[in-house]
Amino acid sequence: MLFLQRTQNLRYLEWTVMTVHFGMWLSRPQGSLLVLLGFYSAFFCLGWAFPAQRSRNLRILYIVAGLSTTIAARCASIDLGLFLFFYFAKSYFLLGRRSAVVFALLAVIPWTTSEYFIDLEMQPFTGILPSLNLLLGTVAVYIPATVFVLMFCKMLIAEERSRHQIAQLSEQVETLATSLERTRIAREIHDSLGHTLTDLDTQLAVAQMLRTHNLDQSFQALDTAKLLARQCIEDVSQALDQMRHSDFDLNQALIGLSEQLRQSSRVQVSSQINLPQLPIYTSYQIYCIVKEGLMNVQKHANASQVKLSSHLVADGILLEIKDNGIGFDLNQFSKGFGLQGMMERVQLLGGKLDIKTACAQGTFIQVLLPL
C-alpha cells in the first residue's frame, strides 16, 4: 500500500499535540492528572505501534481503539479532539477510502453526543432551541473537518501514486535507452571491426593454402598473424558479451581502455579514475566518450604522453583527456576527428564539452556531466 511508511510521521505530530495539550492543562488544570496521563499513555502506545505491515483485522482493531480512546477522553472532559481526525487519516492510509468513510460515519453519533452533553454541563439546559443549536454546532464543525481530512488524505495518496508511476516510467525509459545503446554499440562493432577481422582471417587462411615457397619465416609470420586475428575475434565476442550484462564496471572499463592504448602504441598513459556507481546507460555513454577521445589521440594526435582523469566533483562528473600531441586548429574543426561523436554523447547526458588546443600545443578535452 502506498504512503504507509510516510504516515508513520503522524506519531510525531500526535506526540507534539500531547505535549502542547499538557502545557495548556498545566496552565488551567481540569480533572485528574492521573486520568490525563492514562490517556496520554494510551495514545503514545497506539502511536508507537503503528500496524502498517499487520493483517487487516489488526489494523481495524487499531483504528477502533484509537477512536474509542479519543471519545472516552472527551467523555472524561479531556479535549483531545484532534486525535479523532488523526485516526480518520490513519484509517484512510491503512484501510482505504471506503473504510475511512465508514469509520467517520460510525463515530459521528458518539462524538457529537459526547460533545453535546459536555456542553450541557458547562451551559445548563435553557430550552429545546438552545440545545438543538449546541448539537447542530457540533455537527457543523465535525462534518467539514472530517471531509477536509479525508480529501487531504486522498490528495496525498494520489500524489504518491503519481510519483510512483513517474519513477516506473523513468526506469522503463532508462532501460529502453540502455538496450538501444547496447544494440547500437554491438552493431557498430559487428559491422566494422568484426567484419574486418573476419575478412583478415579468411585472407590469411587462403594465403596459407596457396603458399608455394618453403619460406619458413614467412609461414611462421602468417601463422602468428592468423592466431592474432582469431584472438581479436574472440576479444570482440567477449566485449559484446560483457556489454550485455548489467554488472558493467565503469572504472575497470576505463582502466582497460588506458591499458589498451598503452599496449597498442608507444604513448605513455597515466590515469586517475575514481567514479561512483552510475546507471548503466550513463556508464556506457561515458565509456564511449573516453574511448573516442583516446582513439583520437592514437590516430591523430601523434602524442607521446596522454593523461586521463575521471572523478566526482561538486557539479557532477568531470572527465579530462590531455595529450602533448600536434593539436589542431579549432577554426578548421573536422568531424572526421571523431569529436563530433563525443559532442553528441555529451549532449545526450546534458553535459558540457570544452576543447582547448592549438597547433603544436597538444589538446585538452574536458567534459562535465551532471548527476
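Residues numbered from 1 in each chain as written. Predicted model: local features only at pLDDT ≥ 70, side-chain atom pairs only at ≥ 80, totals over all residues. Heavy atoms only, no water.

A.B. asks: Help me understand the overall build of the chain in this model?
C.D. replies: From N to C terminus, the chain includes eleven helices and five strands. Within the chain, the proportion of its 371 residues that are buried is 39%. Of the contacts formed within the chain by residues at least 6 apart in sequence, a portion of 70% connects residues at least 24 apart. Carbon and sulfur atoms make up 60% of the accessible area of the chain, which totals about 22300 Å². (Helix = DSSP H or I, 4+ residues; strand = E, 2+ residues; numbered from the N terminus. Buried < 20%, exposed > 50% of the residue type's maximum accessible area, 1.4 Å probe, protein only. Contact = heavy atoms within 4.5 Å. Areas by Shrake-Rupley, 256 points an atom, 1.4 Å probe, with all protein chains shown as cover.)

A.B. asks: Please explain the pattern of salt bridges as it appears in this structure.
C.D. replies: Any two side chains of opposite charge can pair if their charged atoms end up close together. Enumeration according to the criterion identifies four salt bridges in this entry. Of the charged contacts, one joins E292 and R345 as a salt bridge, the two residues approaching to 3.4 Å between their closest N and O atoms. Here E292, found in helix α10 (residues 280–301), pairs with R345, found in helix α11 (residues 339–348); they are 53 residues apart in sequence, far enough to count as distant. Given a relative accessible area of 7%, R345 falls into the buried group. (Salt bridge = Lys/Arg side-chain N within 4 Å of Asp/Glu carboxyl O.)

A.B. asks: Just to check I follow, could you spell out helix α2 (residues 10–27) for this structure?
C.D. replies: An α-helix turns once every 3.6 residues. As a result, residues three or four positions apart point the same way. With 18 residues, α2 should reach 26 Å at 1.5 Å per residue; the first-to-last C-alpha distance of 26 Å fits that figure. Within α2 the residues assigned to the buried category are L10, R11, E14, W15, V17, M18, H21 and W25. Seen end-on, α2 carries its buried residues on one side only, within an arc spanning 155°. Away from its buried face by more than 90 degrees, α2 exposes T19, M24 and S27. (Expected span 1.5 Å × (residues − 1). Arc of directions from axis to C-beta.)

A.B. asks: What's the story with the nonpolar core in this structure? I'm lost.
C.D. replies: Within soluble globular proteins, side chains that are nonpolar tend to cluster in buried spots. Formed by 42 residues in total, the largest nonpolar core has its most connected members in I63, F83, Y87, F88 and Y142. Only α2, α3 (33–48), α4 (56–75), α5 (82–95), α6 (97–122) and α7 (128–210) provide two or more residues apiece to this core. Among the elements that line this core, the one with the most residues is α5, at eleven residues. Ranked by size, the runner-up nonpolar core spans 37 residues in total, among them L254, L319, M342 and I365. (Core = buried A, V, L, I, M, F, W, Y, C linked by side-chain atoms within 4.5 Å.)

A.B. asks: What is the right way to look at the side chain of H21 in this model?
C.D. replies: Here H21 shows up in helix α2. When near neighbours in sequence (up to four residues on either side) are disregarded, H21 contacts L36, Y40, I78, D79 and L80.

A.B. asks: I would appreciate a short explanation of the environment of G137 in the present structure.
C.D. replies: Mapping G137 onto the fold places it in helix α7. G137 sits in the partly exposed class, given a relative accessible area of 33%. The sequence separation of G137 and T112 amounts to 25 residues, and the corresponding C-alpha distance is 9.4 Å.

A.B. asks: What is the right way to look at unusual backbone geometry in this model?
C.D. replies: The bulk of non-glycine residues show a negative phi, and the bulk of peptide bonds are trans. One non-glycine residue, N302, lies in the positive phi region at around 55°. In this structure, N302 sits in the loop between α10 and β2 (305–313). When its relative accessible area of 64% is taken as the criterion, N302 is described as exposed. If you check the backbone angles, A360 has positive phi at about 65° while not being a glycine.

A.B. asks: What is the right way to read the sheet that holds strand β5 (residues 363–369) from this model?
C.D. replies: Picture the strands of a sheet paired through backbone hydrogen bonds; they go either parallel or antiparallel. Here five strands make up an open sheet; going across it, the order is β1-β2-β3-β5-β4 and the pairing mixed. Either end of the sheet is taken by a strand with one partner, and the two such strands are β1 (268–274) and β4 (352–357). Going from strand to strand, the sheet's axes swing by 10° on average, the running direction of each strand aside. The sheet contact formed by β2 and strand β3 (residues 316–323) spans eight bridges and is antiparallel. Across the sheet, the residue bridging to H311 is L318, located in β3. Helix-sheet contacts for α10 involve β2, β3 and β5, and the interaxial angle to β3 is about 10°. (Pairing = 2+ DSSP bridges. Axes fitted to C-alpha atoms, helices over the stretch in contact; angles between N-to-C directions.)

A.B. asks: Any chance you could explain the confidence of the model for the chain here in plain terms?
C.D. replies: Close inspection of predicted coordinates is inappropriate for parts of the model with low pLDDT. Residues at a pLDDT of 70 or more form 74% of the chain, whose mean pLDDT is 78. For the chain, helix α1 (residues 4–7) is the element with the lowest average pLDDT, namely 54, and β3 is the one with the highest, namely 93. (pLDDT = per-residue confidence, 0-100.)

A.B. asks: Is there a simple way to explain the pairing of β1 in this structure?
C.D. replies: Put simply, side chains in a regular strand alternate between the two faces of the sheet. Sheet analysis places β1 next to β2, joined by seven bridges and oriented parallel. Pairing of S271 across the sheet is with L308, part of β2. Between the parallel pair β1 and β2, the chain is carried across by α10, and the sense of this crossover is left-handed. (Right-handed = clockwise from strand over helix to strand, strands pointing away.)

A.B. asks: Help me understand the environment of K291, please; the structure alone is not making it clear to me.
C.D. replies: Relative to the helices and strands, K291 is located in helix α10. Expressed as a C-alpha distance, the spacing of K291 and M342, which sit 51 residues apart in the sequence, is 9.3 Å.

A.B. asks: How should I be thinking about the packing of aromatic side chains in this particular structure?
C.D. replies: One pair of aromatic rings is described through two measures. These are the centre distance and the angle between the planes. One pass over the structure, following the stated rule, counts eleven aromatic pairs. Between F85 and Y142, the aromatic rings sit 6.5 Å apart at their centres with planes inclined by 45°, giving tilted as the arrangement. Placement of F85 in helix α5 and of Y142 in helix α7 is noted, with a sequence separation of 57 residues between them. For the residue pair F85 and Y142, the accessibility class agrees, reading buried in each case. (Phe/Tyr/Trp six-rings, centres within 6.5 Å; stacked < 30°, edge-to-face > 60°.)

A.B. asks: Would you mind going over a nonpolar patch on the surface with me for this structure?
C.D. replies: A grouping of L33, L34 and L37 is seen on the molecular surface, where their side chains present a nonpolar patch of about 290 Å² in accessible area. The partly exposed category is assigned to L33, whose relative accessible area is 37%. (Patch = residues over 30% accessible without salt bridge, like charges linked within 9 Å, V, L, I, M, F, W, Y side chains within 5 Å.)

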